[in-house]
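Structure at a glance
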Amino acid sequence: MTKIRTTGARAGMVPLALLAVLAAGCGTQRAGDEAGAGGPSRSAVATPSTPKDFPCPGESPTASPQPSTATRSPTAPPTDHYAENHGFMIPFELHGKRRCQGLAAVARVREALEPQRRRGQFSAESVRKALVGLGYSDGQVQAYPGEGGVGFLIQVDDYPVCVEGSLAGTLDGATTKADAFGGYPDHDGCDQPSGGH
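Residues numbered from 1 in each chain as written. Predicted model: local features only at pLDDT ≥ 70, side-chain atom pairs only at ≥ 80, totals over all residues. Heavy atoms only, no water.

Considering the overall build of the protein chain
- Check the secondary structure of the protein chain and you find four helices and four strands.
- Within the protein chain, contacts between residues at least 6 apart in sequence are counted, and of these 48% link residues at least 24 apart.
- Of the roughly 13,700 Å² of accessible surface on the protein chain, 56% is carried by carbon and sulfur atoms. (Helix = DSSP H or I, 4+ residues; strand = E, 2+ residues; numbered from the N terminus. Contact = heavy atoms within 4.5 Å. Areas by Shrake-Rupley, 256 points an atom, 1.4 Å probe, with all protein chains shown as cover.)

This is the structure we're talking about:
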């Protein structure tokens, strides 16, 4: 009778099978095992917190602070990667003291542009001159022709705190719009980046 030797092949399969069994068990968690024998509990895991805002000077203490309207969130179908691919173009909201600083800068800008709004002066040069008159340097202020008026962008400081808006004529009269935000991800300054990663 002829005997076929398979012990060598079987011996090699045992470690392979053992490895597969051990790998299948990695990363699994059984119900009731959250705090396991001396393991960390789920509550010990750090979670990001939402910054608390407080009323700024001039705001009603009972009114809840409103998020900046400068935040542009593109709308896209859930299967589209538009938001993911264009996240670098969405500015940061301001919170805490920086939010108050932004709101104060917006109020100063609106006050400085109010005489021009009343007179209907919508030139980029007159808007630039008014904003530089607030103490911002030429390098901090951009003013450019926009739809029916003038758009502007100010880098208030290096954090950055930015103010963006427009002075424009409408059918109902002239309007001044201004919003504060905190710059962009992966980008220095206040101008909207044209490319990201």
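A word on the confidence of the model for the protein chain
- Per-residue pLDDT for the protein chain has a mean of 75; in total, 61% of the residues score no lower than 70.
- Across residues 39-43, confidence stays below pLDDT 50; counting only partners more than four residues off in sequence or on other chains, it has six contacts.
- Under a pLDDT of 50 for its full length, residues 67-74 has, in the predicted model, 21 contacts with residues more than four places off or in other chains. (pLDDT = per-residue confidence, 0-100.)

Quick word on the side chain of Ser126
- Along the chain, the position of Ser126 falls in helix α4 (residues 124-132).
- Side-chain polar atoms of Ser126 contact the side chain of Ser123, separated by 2.9 Å. (Polar contact = N/O pair within 3.5 Å; in protein donor to acceptor, adjacent residues only side chain to side chain.)

Focus on the nonpolar core
- Membership of the largest hydrophobic core comes to 20 residues, with the highest contact counts inside it found for Val127, Leu131, Phe152, Ile154 and Val163.
- Setting aside residues up to four positions removed in sequence, Ile154 forms contacts with Val109, Leu131, Tyr136, Gln140, Val141, Val161, Cys162, Val163 and Cys190.
- The next biggest cluster of nonpolar side chains, apart from the first, holds five residues, and it includes Leu153, Cys162, Phe181 and Tyr184. (Core = buried A, V, L, I, M, F, W, Y, C linked by side-chain atoms within 4.5 Å. Buried < 20%, exposed > 50% of the residue type's maximum accessible area, 1.4 Å probe, protein only.)

What about the packing of aromatic side chains?
- Enumeration over the complete set of coordinates arrives at one aromatic pair.
- Between Phe181 and Tyr184, the aromatic rings sit 5.5 Å apart at their centres with planes inclined by 65°, giving edge-to-face as the arrangement. (Phe/Tyr/Trp six-rings, centres within 6.5 Å; stacked < 30°, edge-to-face > 60°.)

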